[in-house]
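# Working through the structure, step by step
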Amino acid sequence: ICGIDWVARQRDPRDASRPRIEVMSMSLRGAGADDGRCGRSNDDPLHRAVCAAVDAGVTVVVAAGNDSTDAGRWVPAAYDEAITVSAIGDFDGVAGGRGGSCRGTADDRFATFSNHGADVDIAAPGVCVVSTLPGGGYGTMSGTSMATPAVAGGAALYLARRPGARPAQVRLALLEAGDRDWALG
């Protein structure tokens, strides 16, 4: 929470009305729910912090989680103010399902481990993603924590071309730009 608060306080030195850090990517979860009031009615300090960051102009992107369950059971994935990301398999970078499979997930298919539901806003590649590994080197990792940075990167690219866009505008642009040619299967 202190880190979220710190990010929200950072202001652009050329224009104090804009955030210095425009996108925040988070991969964490705890049991909880969205009270619809930014944590004021259920005394949720994490929700209050996320809402304050969004109010400060920071686009908040969060991992949905890897429990094969409703993302609405977990925070911050349940928060409407955040962009919640599930994972799909995408092994060739194009739609059509011809990229093979990895660890039981076929190309352009929803990852079976990924949380799902009404609180999920978007899905991105999160199966067998090449990543740096703890202790050094590279390997493949899977999870919504692998998918979330791709969406955060998309948000950053959008903001680079549209300085001053608000988090709700970023969310809408990402959803409109998304490819719907994949299967829930």
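As a starting point, this report considers the structure included with it. (Residues numbered from 1 in each chain as written. Predicted model: local features only at pLDDT ≥ 70, side-chain atom pairs only at ≥ 80, totals over all residues. Heavy atoms only, no water.)

## Quick word on helix H1 (residues 2-9)
Every buried residue of H1 is accounted for by Ile-4, Val-7 and Ala-8. Each buried residue of H1 sits inside an arc of 100 degrees when the element is viewed along its axis, so together they form one side. Across H1 from its buried face, at more than 90 degrees, point the exposed residues Cys-2 and Arg-9. Each element contacted by the buried residues of H1 is listed here: strand S1 (11-12), strand S3 (23-26) and helix H2 (45-55). (Buried < 20%, exposed > 50% of the residue type's maximum accessible area, 1.4 Å probe, protein only. Helix = DSSP H or I, 4+ residues; strand = E, 2+ residues; numbered from the N terminus. Arc of directions from axis to C-beta. Contact = heavy atoms within 4.5 Å.)

## Notes on the layout of surface pockets
A volume near 620 Å³ is recorded for the largest pocket. What lines the largest pocket is a set of 29 residues, among which Ile-122, Ala-123, Ala-124, Gly-178 and Asp-179 lie closest to the centre. Secondary-structure elements contributing two or more residues to the lining of the largest pocket are strand S7 (83-89), strand S11 (122-125), helix H3 (144-161) and helix H4 (167-177). Considering only residue class, the lining of the largest pocket consists of 17 nonpolar, six polar and six charged. (1 Å grid on protein atoms, 1.4 Å probe; cavity = no way out; pocket = protein on both sides within 12 Å on 5 of 7 lines; lining within 4 Å. Points joined across faces, edges and corners; volume = space filled by probe spheres on them. Nonpolar A, V, L, I, M, F, W, Y, C, P; charged D, E, K, R; others polar.)

So, to be careful, I would describe these as geometric facts and stop short of saying anything about function.
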